[in-house]
Amino acid sequence: MKHYSAFAIAREALRNHTGWQRAWRDAQPKSRYDVVIVGAGGHGLATAYHLGKNHGITNVAVIEKGWLGGGNTGRNTTIIRSNYLQDPSAAIYEKSRALYETMSQDLNYNVMFSPRGVMMLAQTEHEVRGYKRTAHANGLQGVQTEFISPKRVKERCPIIELKGPRYPVLGALWQPRAGTARHDAVAWGYARACSNMGMDIIQQCEVTGIRSEGGRVTGVSTSKGEIDCGKLCMVVAGHSGRLAEMAGFRLPVESVALQALVSEPIKPCMDVVVMANTVHGYMSQSDKGEMVIGGGADGYNNYTQRGSFHHIEETVRALIETFPMISRLKMLRQWGGIVDMTGDRSPIISKTPLENCFINCGWGTGGFKAIPGSGWATAEMVANGTPGPLAEAFGLERFREGRFIDESVAAGVAH
Amino acid sequence: MLILTCPYCGTAADETELHPGGEAHVVRAGPEADEDTFEAYLFQRANPRGVHFERWRHSHGCGKWFHAARDTLTMQVHGTYPAQVTEPPQDILDAIEEARAR
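Calculation criteria
- Residues numbered from 1 in each chain as written.
- Chains lettered and ligands numbered in written order.
- Predicted model: local features only at pLDDT ≥ 70, side-chain atom pairs only at ≥ 80, totals over all residues.
- Heavy atoms only, no water.
- Helix = DSSP H or I, 4+ residues; strand = E, 2+ residues; numbered from the N terminus.
- Areas by Shrake-Rupley, 256 points an atom, 1.4 Å probe, with all protein chains shown as cover.
- Lys, Arg positive; Asp, Glu negative; His and termini not counted.
- Charge placed at Lys NZ, Arg CZ, Asp CG, Glu CD.
- Rg over C-alpha atoms; globule rule 2.2 N^0.38 Å.
- Buried < 20%, exposed > 50% of the residue type's maximum accessible area, 1.4 Å probe, protein only.
- Contact = heavy atoms within 4.5 Å.
- Pairing = 2+ DSSP bridges.
- Axes fitted to C-alpha atoms, helices over the stretch in contact; angles between N-to-C directions.
- Domains from an automatic or database assignment.
- Buried area = accessible area lost by both parts, 1.4 Å probe.
- Salt bridge = Lys/Arg side-chain N within 4 Å of Asp/Glu carboxyl O.
- Polar contact = N/O pair within 3.5 Å; in protein donor to acceptor, adjacent residues only side chain to side chain.
- Nonpolar A, V, L, I, M, F, W, Y, C, P; charged D, E, K, R; others polar.
- Expected span 1.5 Å × (residues − 1).
- Core = buried A, V, L, I, M, F, W, Y, C linked by side-chain atoms within 4.5 Å.

**Student:** It is not clear to me how the overall build of chain B should be interpreted in this structure. Could you clarify?
**Tutor:** Secondary structure assignment for chain B yields two helices and six strands. What you see in chain B, going N to C, is helices and strands ordered as β-β-β-α-β-β-β-α. Overall, chain B is about 40 × 35 × 25 Å in size when its C-alpha atoms are taken along their principal axes. Counting every atom, chain B has about 5700 Å² of accessible surface; 49% of that belongs to carbon and sulfur. With 9 positive and 16 negative side-chain charges, chain B shows a separation of 5 Å between the mean positions of the two kinds.

Pasting the structure below:
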């Protein structure tokens, strides 16, 4: 495929843009692959990309029930940060954030990574203590964060009201190198790079069964026929439980709807991401000028991709106290994604009871930021047959052994 | 807005009046249970894309725990029933069958 460059733009401008090629090949399945990855979202595509790039495995198919990046990859609020509390989390999320920095160059695809900084507001005394602790932990982990005063919060983001009667701003955890990226571009950039390496991306191909012999996976049955595989990797987020059932095991995962909404576009008014975890709301401004707002998750299992309206009301009610200027904005769209929540709010990157079958799921409300690091770690596990240093703490066995990676307190609700 | 009828006080309650309590009919593992059983009891949960039996508490009402049969894909509620049972009652199962047949 042709290389994207400033020269290519100039060349195409001179010939009426007739020379552009499709970004990636929409393939039909072959009868056998070395590795079949189920799920063409960010994590699945990143896994495929790193299998090819880091481990030289390119006889790979990524199969997808819907369309490329049509699940949570296209539904999140695009926040990228790594200010977690626990060491295994900090390692994988920081790896991920670092990979985002060079992703546009690596993929030759502009993912519009914008390291504009993320501020997590402390609005209770409890949060002040919690975030100070996180800042100290991050210092030991090599993740650059700092606890900043209300005055500096106001300097960074002048539209914040510090003295809200219900939710005063007492400080914030500031990660200057965190930010946002264009989520669709991440999926398309990976798809293009994978397609370039000869991998097949097969859309509208639903897995209907998983075949195995003697406790070892041999292939998948799909709506486009039987596909044999040497290794299988499930990367389907909210629908992991259904695939696990086909493979004959259960997961410590429950699926719930998480919502987001965007306003009408307005002139630039904030150039950082602000998260307010006490009120389950977070906000940033997109390049188009829309205010992108993330809300809370439903408390009950749900596959509707809508979510409950009262969560939107709660989020907006609280955010207009912290950001009084948004009170007159019209909201344009609201949507939900099905997120897969684990008991300790940390992901699962693991071998499964079925040999040569691997799983990557449980990213819950915070998967987008982890895409490249997760793909890196999952590819390492699939290629070597056993998890590497980034993934080993995230195995399924941690629940049985009581080795939780407890981020439910550290990260709050909003990821 | 999800509306469930509390089987104790009869109120048709909005979800804001209720508190979700997760999967119903989970059997508590005893002290003699092996690790597999205990792991399943503590962590593994039914996560169906379809009918789910779940616990709810009428927290801003009569305060009672009850059970509901709800479809997680369509949000259709097949009925609610008291919590003092170890499995869904027959009339709820019949209602689910009837909805499937339709």
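**Student:** What is the right way to read the overall build of chain A from this model?
**Tutor:** When you go through chain A residue by residue, the secondary structure sums to eleven helices and 18 strands. Taking 2.2 N^0.38 as the reference for a compact globule, 415 residues should give roughly 22 Å; the C-alpha atoms of chain A span a radius of gyration of 21 Å, in line with that estimate. In terms of its C-alpha atoms, chain A occupies a principal-axis envelope of roughly 65 × 65 × 40 Å. Among the 415 residues that make up chain A, the fraction classed as buried is 60%. Of all intrachain contacts in chain A linking residues separated by at least 6 positions in sequence, the fraction that spans at least 24 positions is 75%.

**Student:** I'm lost on the sheet that holds strand S4 (residues 51-57) of chain B in this one. Help?
**Tutor:** One key point about sheets: their strands pair by backbone hydrogen bonds, in either a parallel or an antiparallel sense. All names here are of chain B. The strand order across the open sheet built from four strands is S3-S4-S5-S6, with neighbouring strands paired in antiparallel fashion. The open sheet has two edge strands with one neighbour each: strand S3 (19-23) and strand S6 (77-82). Across this sheet, the average inter-strand angle for adjacent strands is 30 degrees, counted without regard to direction. Across five bridges, strand S5 (residues 65-71) lies against S6 in antiparallel orientation.

**Student:** Help me understand the domain arrangement of chain A, please; the structure alone is not making it clear to me.
**Tutor:** How big an interface is tends to be reported as the loss of accessible area on association of its parts. All names here are of chain A. Domain boundaries assigned for chain A yield domain 1 (27-82 + 84-104 + 183-252 + 345-401) and domain 2 (118-180 + 255-342). Contacts between the two partners involve 32 residues from domain 1 and, on the opposite side, 33 residues from domain 2. Each partner contributes to the roughly 2700 Å² buried at the junction of domain 1 and domain 2, and carbon and sulfur atoms together form 53% of this total. Area buried by domain 1 at its contact with domain 2 is led by Arg-75, Thr-77 and Leu-85, which between them contribute 23% of it. On the surface where domain 1 and domain 2 come into contact, there are one salt bridge. Across the pair Glu-101 and Arg-177 runs a salt bridge, and its minimum N-O distance is 3.3 Å. There are 16 residue pairs in polar contact (both at pLDDT 80 or more) connecting domain 1 and domain 2. Breaking the side of domain 1 that touches domain 2 down by element, the ones donating at least two residues are strand S3 (79-80), helix H3 (87-101) and helix H11 (397-401). Top contributing element to the side of domain 1 that touches domain 2 by residue count: H3, with five residues. Residues belonging to the side of domain 1 that touches domain 2 are distributed by class as follows: eleven nonpolar, 13 polar and eight charged.

**Student:** Before we go on, may I ask you to explain the pairing of strand S12 (residues 253-265) of chain A in this structure?
**Tutor:** Remember that side chains alternate between the two faces of the sheet whenever the strand is regular. All names here are of chain A. The element S12 is largely enclosed, with a buried count of ten among its 13 residues. Where S12 meets strand S16 (residues 331-342), eleven bridges bridge the pair, whose relative direction is antiparallel. Considered in S16, the bridge of Leu-261 is made with Gln-334. Across five bridges, the pairing between S12 and strand S15 (residues 290-297) is antiparallel. Directly across from Pro-265, in S15, lies its bridge partner Glu-290.

**Student:** Can you walk me through the interface of chain A and chain B in this structure?
**Tutor:** Contacts between the two partners involve 23 residues from chain A, matched on the other side by 23 residues from chain B. Surface buried jointly by chain A and chain B totals about 2000 Å² across both partners, of which 51% is contributed by carbon and sulfur atoms. At the junction of chain A with chain B, the criterion picks out three salt bridges. The partner of Glu-35 of chain B in a salt bridge is Arg-400 of chain A, and the shortest N-O contact between them spans 3.3 Å. The tally of links between chain A and chain B comes to ten residue pairs in polar contact (both at pLDDT 80 or more). Taken together, the elements giving at least two residues each to the side of chain A that touches chain B come down to S12 and H11 of chain A. For the side of chain A that touches chain B, the leading source of residues is S12 of chain A, giving three residues. The residue makeup of the side of chain A that touches chain B, split by class, is eight nonpolar, nine polar and six charged.

**Student:** Whenever I open this one, the environment of Val-235 of chain A confuses me. Can you help?
**Tutor:** Residue and element names in this part refer to chain A. Tracing the backbone shows Val-235 in the loop between strand S11 (225-234) and helix H8 (240-247). As a C-alpha pair, Val-235 and Tyr-109 span 126 residues in sequence and 23 Å in three-dimensional space. Residues contacting Val-235, with those up to four places away along its chain left out, are Ile-37, Val-38, Gly-39, His-43, Gly-44 and Asn-360.

**Student:** Teacher, can you tell me more about helix H2 (residues 42-55) of chain A here?
**Tutor:** All names here are of chain A. In a regular helix each residue adds 1.5 Å, so 14 residues correspond to 20 Å; H2 covers 19 Å between its end C-alpha atoms and thus fits that length. Among the 14 residues that make up H2, eleven are buried, leaving the element largely enclosed by the rest of the structure. Positive backbone phi, at 70 degrees, marks Gly-56, one or two positions downstream of H2.

**Student:** Honestly, the nonpolar core in this entry has me stumped. Any pointers?
**Tutor:** All names here are of chain A. Counting residues in hydrophobic clusters, the biggest one holds 52 residues, and the most contacted among them are Ile-37, Leu-45, Leu-51, Tyr-100 and Tyr-190. Of all elements in the fold, only strand S1 (32-38), H2, strand S2 (60-63), H3, helix H4 (103-107), helix H7 (183-196) and helix H10 (371-384) reach the threshold of two or more residues within this core. Of all the elements, H7 adds the most residues to this core, at seven residues. If we skip the residues at most four places from it in the chain, Tyr-100 touches Ile-80, Phe-113, Ala-181, Val-186, Phe-368, Lys-369, Ile-371 and Pro-372. In terms of nonpolar packing, the next biggest core, distinct from the first, is built from 31 residues, Ala-27, Val-220, Ile-227 and Cys-361 among them.

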